[in-house]
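Below, each chain spelled out in residue letters.
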Amino acid sequence: MSSKSIKKILVPLDGSKYSMEGLHEAILLAKQFGAKITGLCVIPLTPPVAMPGLQTPFKSYMTDGAAKFMAEATKIASRNGVNFQGKLIYGEASTEITKFASDKKFDLVVIGSRGRSELKQLFLGSISNAVVHRSQVPVLVIK
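Residues numbered from 1 in each chain as written. Predicted model: local features only at pLDDT ≥ 70, side-chain atom pairs only at ≥ 80, totals over all residues. Heavy atoms only, no water.

On to the overall build of the protein, then. Scanning the protein from N- to C-terminus turns up 4 helices and 5 strands. Walking the protein from its N terminus toward its C terminus, one meets helices and strands in the order β-α-β-α-β-α-β-α-β. For the protein, with 143 residues in total, the buried portion stands at 44%. Sequence separation of at least 24 residues holds for 79% of the intrachain contacts in the protein that already meet a minimum separation of 6. Approximately 8,000 Å² of the protein is accessible, and the part contributed by carbon and sulfur atoms is 54%. (Helix = DSSP H or I, 4+ residues; strand = E, 2+ residues; numbered from the N terminus. Buried < 20%, exposed > 50% of the residue type's maximum accessible area, 1.4 Å probe, protein only. Contact = heavy atoms within 4.5 Å. Areas by Shrake-Rupley, 256 points an atom, 1.4 Å probe, with all protein chains shown as cover.)

What follows is the structure in structure tokens.
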């Protein structure tokens, strides 16, 4: 990373304090390098526990929540003069984040060290830890 410029930064967002801190750090970097930021929210396909018949309300609830904090992230980036694009996808978070970063040729992933407390039960293990270990793209973890 030191020998190349940072032009594309991926910031996984889940609405948590830590993911928003990751966004703020990414904004500082984007301003320094003239980079663009993509905020990525990965929504699980199923509820954390088996709830027959609740997949549709769960997906709708998660999508609505993601749209709200993605709109806030867009405002924050805009106020700071940084080009920001929000993206919602569905799947398993760490897998989708690392695949998206690699496929779209990002220069850096900036991720919060922890997620939303309400969402912790949705994932087995730490998303940021899994991204650090799986990613082919450099990862900056914000504590």
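Moving on, we come to the pattern of salt bridges. In total, this model carries 2 salt bridges according to the counting rule given. The salt bridge involving R134 is made with E92; its shortest N-O contact spans 3.6 Å. Here R134, found in helix α4 (residues 127-134), pairs with E92, found in the loop between β3 (84-90) and α3 (93-103); they are 42 residues apart in sequence, far enough to count as distant. Under the relative-accessibility criterion, E92 is labelled partly exposed at 37%. The closest approach of N and O atoms between K99 and D103, which form a salt bridge, is 2.7 Å. Of this pair, K99 and D103 both sit in helix α3, separated by 4 residues, roughly a single helical turn. Given a relative accessible area of 44%, K99 falls into the partly exposed group. Overall, D103 belongs to the partly exposed group, its relative accessible area being 45%. (Salt bridge = Lys/Arg side-chain N within 4 Å of Asp/Glu carboxyl O.)

Side chains of K8, K36, K87, K104 and K105 sit close together on the surface and give a patch of like positive charge. Structurally, K105 is set in the loop between α3 and β4 (108-112). (Patch = residues over 30% accessible without salt bridge, like charges linked within 9 Å, V, L, I, M, F, W, Y side chains within 5 Å. Lys, Arg positive; Asp, Glu negative; His and termini not counted. Charge placed at Lys NZ, Arg CZ, Asp CG, Glu CD.)

Now for the sheet that holds strand β5 (residues 139-142). Taken in spatial order, the 5 strands make up an open sheet running β3-β2-β1-β4-β5, and their pairing is parallel. The sheet is open, and its two borders are formed by β3 and β5, each paired with just one other strand. Adjacent strand axes in the sheet meet at a mean angle of 25 degrees when their direction is disregarded. Here α3 sits on the sheet and contacts β1 (8-12), β2 (36-43), β3 and β4; the angle it forms with β2, its principal contact strand, is near 150 degrees. Strands in contact with α4 are β4 and β5; relative to β4, the strand with the most contacts, it is inclined by about 160 degrees. (Pairing = 2+ DSSP bridges. Axes fitted to C-alpha atoms, helices over the stretch in contact; angles between N-to-C directions.)

All right, on to α4 then. Taken together, the buried positions of α4 are I127, S128, A130 and V131. Buried residues of α4 fall within an arc of 160 degrees about the axis and therefore sit on the same side. Contact partners of the buried residues in α4: α3, β4 and β5. (Arc of directions from axis to C-beta.)

Turning our eyes to something else, we now look at the nonpolar core. Soluble, globular proteins show a tendency: their nonpolar side chains are buried together. Formed by 27 residues in total, the largest nonpolar core has its most connected members in I9, V11, L13, L23, I37, F84 and V110. Elements supplying a minimum of two residues to this core: β1, α1 (17-33), β2, α2 (55-79) and β4. Core analysis: the second largest hydrophobic core is formed by 14 residues, V42, F100, I111 and V137 among them. (Core = buried A, V, L, I, M, F, W, Y, C linked by side-chain atoms within 4.5 Å.)

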